[in-house]
Amino acid sequence: FEILKEYRRRGSLIVALSATPSRVNGMGMGDFYDCMVQAPPKGKLIERGVLVPCQVKAPAQDCKQEGLVGDIIKHWKLWAADRQTVVFCKSILHSMHVRDLFVEAGVRCRHLDGMVDDETRDQIVKDTKEGRNQVITTCGMLTHGWDDKTMSCCVLARKVSSFVLFKQMVGRILRAAPDKKSGL
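Attention in this report is confined to the structure presented alongside it.

Criteria and thresholds
- Residues numbered from 1 in each chain as written.
- Predicted model: local features only at pLDDT ≥ 70, side-chain atom pairs only at ≥ 80, totals over all residues.
- Heavy atoms only, no water.
- Pairing = 2+ DSSP bridges.
- Helix = DSSP H or I, 4+ residues; strand = E, 2+ residues; numbered from the N terminus.
- Axes fitted to C-alpha atoms, helices over the stretch in contact; angles between N-to-C directions.
- Salt bridge = Lys/Arg side-chain N within 4 Å of Asp/Glu carboxyl O.
- Buried < 20%, exposed > 50% of the residue type's maximum accessible area, 1.4 Å probe, protein only.

## Focus: the sheet that holds strand β2 (residues 109–112)
Then, in step 1: Ordered in space as β2-β3-β1-β4, the 4 strands form an open sheet in which the pairing is parallel. The sheet is open, and its two borders are formed by β2 and β4 (151–157), each paired with just one other strand. Sheet twist, expressed as the average angle between the axes of neighbouring strands with direction ignored, equals 20 degrees.
Then, in step 2: Here strand β1 (residues 84–89) pairs with strand β3 (residues 135–138) via 4 bridges, running parallel. Each residue of the ladder has a partner; that of V86, found in β3, is I136.

Here it is, written out as structure tokens:
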């Protein structure tokens, strides 16, 4: 944000576009921007065909317990086996483990994290968008600024304490596309 402060000091007009105009820590953006133009509510964007509605599924287990609940592969096969999917995991090792579970189940799945080189990352994203890969598991990536309209399933295989981060993660699957009826 230092660069924004410098442009502001120089008198530049700063225009920002975001579906989630607040920080992951919940703080607003008022110290960077003077005003905000409110976008249409999600319902209007669905009516206009910009977004698709979102269905929510969860295993029938006590979610008050510590740790993860449910069997990711079993529930994914039950509810989303025909969907391009992104799985947000709690750690890099967890993401690699979940990738291995998908691969063992015969699903074309790749893992992404910040240590994957740019060329490999770009190829994984391209392969997924073009249907050569069905699932991406990740930790700390693809939560914002990534737009692949083929994605229609988001698995939250981690705790998400920030409402802004939650909206960004789920938002990855809500972009409308031909023949896409919903996000899951």
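## Focus: the pattern of salt bridges
Then, in step 1: Under the criterion given, the structure shown has 8 salt bridges.
Then, in step 2: E6 is the partner of R10 in a salt bridge, and the nearest nitrogen-oxygen pair spans 2.9 Å.
Then, in step 3: According to the relative accessible area criterion, R10 is exposed, its value standing at 59%.
Then, in step 4: For E6, a relative accessible area of 29% translates into the label partly exposed.
Then, in step 5: Among the ionic pairs, D122 bridges to R121, the shortest N-O distance being 3.2 Å.
Then, in step 6: Overall, D122 belongs to the partly exposed group, its relative accessible area being 44%.
Then, in step 7: If you follow the salt bridges from partner to partner, you end up with E6, R9 and R10 in one network.

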